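Architecture and fold: a report
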Amino acid sequence: MLKHQLLLITVLFALSSNIYKAQSVVWLDKLDLSVATQGNGKPGVNTSVDGRKITIAGETFDRGFGTHAESSLLIKLNGKAKSFSAFIGLDDEMKGQNPAVEFEIYGDNKKLWSSGIMKLGDKAKPVNISLQGIKQLELIVTDGGNGPYYDHADWADAKFETSEGTKLITFNPISSIPYILTPKPSDKPKINSASVYGGRPNSPFLFRVAATGERPMTFSAKNLPDGLTIDSKTGIIIGKVDTKGTYEVVLNAKNAKGSASKKLKIEIGDRIALTPTMGWNSWNCFGHEVSADKVKRAADALVKSGLVNHGWNYINIDDSWQYNRDGKDPSYTGKMRDEKGYILTNSKFPDMKTLGDYIHGNGLKMGIYSSPGPWTCGGCAGSYGYEKQDAESYAKWGVDYLKYDWCSYGGVLDGLPENDPNKVSSLNFQGGGDLDKGVKPFKLMGNLLKQQSRDIVYNLCQYGMGDVWKWGDESDAQSWRTTNDITDTWASVKSIALAQDKAAPYAKPGNWNDPDMLVVGVVGWGNPHQSKLKPDEQYLHISLWSIFSAPLLIGCDLEKLDDFTLNLLTNDEIIAVNQDALGKQGVCLQTIGELRIYVKELEDGGKAVAFANFGREKVKMSYKDFKKLGITGKQIVRDLWRQKDIAKINSDKGNLALDIPAHGVSFYKFMSK
Ligand code: GLA
């Protein structure tokens, strides 16, 4: 009897432990979700990204992971998980907006499943996939092709079935430890300004010589055209040139440690922005909380931090200097225009002309923002119907740059509904690809800006619709956004970077493809944080924006620059590639696995080459395909981040050792010997 009982107990125990083994469940919300990378906000543990109960098309869930596109979460399974299941969808908390996303699941870098595009109000979609043998899983939410706006996405009731005792671990494989590559500038004078500058005849001329080295420094310039003078203490050149022509000027900077000279070609003619714009933009750090005071402080910080000595010189005010339609914040609620239709600035910008004078007094330029529609993306007054008055106001205030953002224009393509701007929503992106309709509002403003008595660099922001690079120049624009809004995530930087090559042939002096702002330093309005890009990802980001000849607009709080960020933004050899006078855009000439090799031809005959590793594994190899990069013969190879020559090779038969971190870059210049 006892024997039988014992046997029964043993069998029951074995059975129950097997059942337990087979049915062990690991909930996703029990893992560390903080390592996820995502477009905005913090990963929600059993909540939406905004901290609310997870709700998809009216259905609520107690458990899950609330995130924001573009989002990625990596989980180590080591072949021990059997399946993954969840209900996915967009969270109802964004009702009234038009978000769209796609959920994707990758196992060992292969796509296992995707949801297709999901919109707000779509019922929660079940997913249940087998994970047999998979070592590493990635849960991704893409922006669904329409930008990451309002993309609050939920992995509801997400769980794994595993064998008993299995531990699943989330991770982020890219190192977080910042490291500095670039040596500090010397005390001796060095002029870092671009070698060419364009202006129109009789426009106010303003150019601040960018030079590093100990202060005090004395500046001078030989062969300045009539009408221009240089301030010997600051290096700021002002005046007006009335005659078209090319003026070959020699700049000089002198201090107690020595002196330096550099040629500057001043081209007075029709074209401006002969090198990509370099400066700062308020949006990614201040958003709607921007004010004249913050802008002034950003100008001061640009000078104080020394960034100005490396060529950074635009201070661009983005959305929210105007009055807003939503009536929530009294400081920007009010009458939007005067009787004659001239725009009124909100109470945070009491005097735009004085602000412009202050910025110009530092030798810097002032940028502003509007939309061809009645509303900007953030719901402030746009220029629709008042384009002429707006262009005149900009000129009166001393504006040097306009970012003109599609936003609500889709709502007025066929005429304003019932002649009422309030009938148009602020985000109305459709229609920009229609060439007649999509080009018209940009041409209108381009033409008006050209009629003003000052040079206003014109930047189109319509996210690349209708291949803007093909018609931006005809609209009198100098640069145009090619892609959707950037966020400080690897997914965003990667997808934007990979989308640039098609526009490259259209880049030239005075015409630049704009992949959006630099997501380094402290960014995120309302939620200020260090860029979520890892240090290697930031090196890759800056290297590629340099090789793309992209406008370089810093999006971070300039009063909170840390050593790493400052170092990243003050490497004059990297900046020189971006500002190269030839004005070519580098393109990818070779792909080896996840390694993409970008090459940009430079004016001095050299080639800038970025070996960009988009993969999660480091790349270690001996490289020899130089012919594919258009590089032949004897070459000196210079490491641009470290600012030192690293090899002399015969590229016809030699090799170059590459050792590139995951999501990192080696950025070299090749020069024939
Ligand atoms: C759009 C632009 C952003 C920013 C905001 C302001 O999203 O792409 O860069 O200007 O509008 O509302």
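Residues numbered from 1 in each chain as written. Predicted model: local features only at pLDDT ≥ 70, side-chain atom pairs only at ≥ 80, totals over all residues. Heavy atoms only, no water.

As recorded in an unreviewed UniProt entry, the protein chain goes by the name Alpha-galactosidase, listed as coming from Cloacibacterium rupense. Looking at the Sequence similarities (unreviewed entry) heading of the UniProt record, one finds this comment for the protein chain: "Belongs to the glycosyl hydrolase 27 family." According to UniProt, the comment filed for the protein chain under the heading Catalytic activity (unreviewed entry) is "Hydrolysis of terminal, non-reducing alpha-D-galactose residues in alpha-D-galactosides, including galactose oligosaccharides, galactomannans and galactolipids." (UniProt positions renumbered as here; feature names shortened; annotations may be inferred.)

**Looking at the overall build of the protein chain**
For the protein chain, the count of helices and strands is ten helices and 40 strands. Taking 2.2 N^0.38 as the reference for a compact globule, 673 residues should give roughly 26 Å; the C-alpha atoms of the protein chain span a radius of gyration of 28 Å, in line with that estimate. Across its three principal directions, the C-alpha atoms of the protein chain cover 115 × 70 × 45 Å. Looking at the protein chain as a whole, 58% of its 673 residues qualify as buried. If you take every contact in the protein chain between residues at least 6 apart in sequence, the share linking residues at least 24 apart comes to 72%. Per element, the accessible surface of the protein chain, about 27800 Å² overall, is 51% carbon and sulfur. In the protein chain, 82 positive and 78 negative side-chain charges are present, and the distance between their average locations comes to 6 Å. (Helix = DSSP H or I, 4+ residues; strand = E, 2+ residues; numbered from the N terminus. Rg over C-alpha atoms; globule rule 2.2 N^0.38 Å. Buried < 20%, exposed > 50% of the residue type's maximum accessible area, 1.4 Å probe, protein only. Contact = heavy atoms within 4.5 Å. Areas by Shrake-Rupley, 256 points an atom, 1.4 Å probe, with all protein chains shown as cover. Lys, Arg positive; Asp, Glu negative; His and termini not counted. Charge placed at Lys NZ, Arg CZ, Asp CG, Glu CD.)

**Structural notes on the nonpolar core**
In terms of nonpolar packing, the biggest core is built from 99 residues, with Trp 312, Trp 321, Tyr 394, Leu 544 and Trp 545 touching the most fellow members. Residues lining this core come from more than one domain, with at least three contributed by each of domain 3 (278-583) and domain 4 (588-672). With residues up to four places along the chain from it excluded, the contact list for Trp 312 reads Met 278, Gly 279, Leu 302, Leu 307, Leu 364, Leu 518, Leu 552, Ile 554, Leu 569 and Ile 575. (Core = buried A, V, L, I, M, F, W, Y, C linked by side-chain atoms within 4.5 Å. Domains from an automatic or database assignment.)

**A word on the packing of aromatic side chains**
Under the counting rule described, the total for this entry stands at 29 aromatic pairs. When the centroid spacing of 5.6 Å and the interplanar angle of 85° are considered together, the rings of Tyr 539 and Phe 564 count as edge-to-face. Of this pair, Tyr 539 sits in helix H8 (residues 535-547) while Phe 564 is found in helix H9 (residues 563-569), placing the two residues 25 residues apart along the sequence. Residue Tyr 539 is classed as buried on the basis of its relative accessible area of 2%. (Phe/Tyr/Trp six-rings, centres within 6.5 Å; stacked < 30°, edge-to-face > 60°.)

**A short note on the site of the ligand**
Taken together, 14 residues sit near the ligand, with Asp 318, Asp 319, Lys 403, Asp 405 and Asp 485 positioned nearest. Between Asp 318 and the ligand, the recorded distance is 2.6 Å, taken from a side-chain N or O atom to an oxygen atom. At 2.8 Å, a side-chain N or O of Lys 403 approaches an oxygen atom of the ligand. Considered on its own, the ligand offers 300 Å² of accessible surface; in the complex 96% of this is hidden by protein. Along the lines of polarity and charge, the residues of the shell around the ligand split into seven nonpolar, one polar and six charged. (Near = heavy atom within 4 Å. Polar contact = N/O pair within 3.5 Å; in protein donor to acceptor, adjacent residues only side chain to side chain. Nonpolar A, V, L, I, M, F, W, Y, C, P; charged D, E, K, R; others polar.)

**With respect to the packing of helix H7 (residues 490-498) against H8**
The N-to-C vectors of H7 and H8 enclose an angle of 25°; their axes lie 11 Å apart at closest approach. The angle between H7 and H8 falls in the class roughly parallel. For the crossing formed where H7 meets H8, the hand is left-handed. Contact with H7, carried on its side by Trp 490, Val 493, Ile 496 and Ala 497, involves Glu 537, Leu 540, His 541, Leu 544 and Trp 545 of H8 and no other residues of that element. Taken together, the residues of the contact of H7 with H8 sort by class into seven nonpolar, one polar and one charged. (Axes fitted to C-alpha atoms, helices over the stretch in contact; angles between N-to-C directions. Parallel < 35°, antiparallel > 145°, perpendicular 65-115°, else oblique. Left-handed = near helix turned anticlockwise from the far one by under 90°.)

**Describing the side chain of Asp 29**
Looking at the element boundaries, Asp 29 is found in the loop between strand E1 (24-27) and strand E2 (44-45). A distance of 2.8 Å separates a polar atom in the side chain of Asp 29 from a polar atom in the side chain of Arg 63. In this view, Asp 29 contacts Val 45, Asn 46, Arg 63 and Gly 64; residues no more than four positions away in its chain are not counted.

**Description of unusual backbone geometry**
Backbone phi values are negative for most residues with the exception of glycine, while trans is the configuration of most peptide bonds. Residue Glu 70 follows Ala 69 across a cis peptide bond; omega there is -5°. By the secondary structure assignment, Glu 70 is in the loop between strand E5 (64-68) and strand E6 (71-76). The linkage connecting Arg 215 with the following residue, Pro 216, adopts the cis geometry, with an omega of 0°. Even without being glycine, Asn 46 reaches a positive phi, approximately 60°. Residue placement: Asn 46 occurs in the loop between E2 and strand E3 (54-56).

**Topic: the sheet that holds strand E38 (residues 644-650)**
The strand order across the open sheet built from six strands is E33-E34-E35-E40-E37-E38, with neighbouring strands paired in antiparallel fashion. Where the open sheet ends on each side, the last strands, each with one partner, are strand E33 (587-592) and E38. Adjacent strand axes in the sheet meet at a mean angle of 25°, parallel and antiparallel pairs treated alike. As judged from the seven bridges shared by strand E34 (residues 595-601) and strand E35 (residues 607-613), these two strands associate in the antiparallel manner. What sits directly across from Ile 597, in E35, is Phe 611. Across the sheet, H8 is in contact with E34, E35 and strand E40 (665-672); its angle to E35 comes to roughly 145°. (Pairing = 2+ DSSP bridges.)

**Structural notes on the domain arrangement of the protein chain**
As assigned here, the protein chain comprises domain 1 (22-171), domain 2 (190-268), domain 3 (278-583) and domain 4 (588-672). Inter-centroid distance (C-alpha atoms) of domain 2 to domain 4 is 34 Å.

**Regarding the sheet that holds strand E20 (residues 236-239)**
Sheets are built from strands paired through backbone hydrogen bonds, the pairs being either parallel or antiparallel. Taken together, three strands build an open sheet; the order of strands is E16-E20-E19 and the sheet is antiparallel. Two strands in the sheet have a free side with no partner beyond their single neighbour: strand E16 (205-208) and strand E19 (228-230). The sheet shows a mean angle of 15° between the axes of neighbouring strands, taken without regard to direction. Bridge count for E16 against E20 is four bridges, and the pairing is antiparallel. Within E20, the residue paired with Phe 207 across the bridge is Ile 237.

**Some remarks on the pattern of salt bridges**
Taken as a whole and judged by the stated rule, the model has 41 salt bridges. Put simply, Asp 572 and Lys 190 hold a salt bridge, and the shortest N to O gap is 3.7 Å. Placement of the pair is Asp 572 in helix H10 (residues 572-578) and Lys 190 in strand E14 (residues 190-191), with a sequence separation of 382 residues. Residue Lys 190 is classed as partly exposed on the basis of its relative accessible area of 41%. The salt bridge partner of Lys 584 is Glu 601, with a shortest N-O separation of 3.9 Å. Separated by 17 residues along the polypeptide, Lys 584 in the loop between H10 and E33 and Glu 601 in strand E34 bring together distant segments of the chain. (Salt bridge = Lys/Arg side-chain N within 4 Å of Asp/Glu carboxyl O.)

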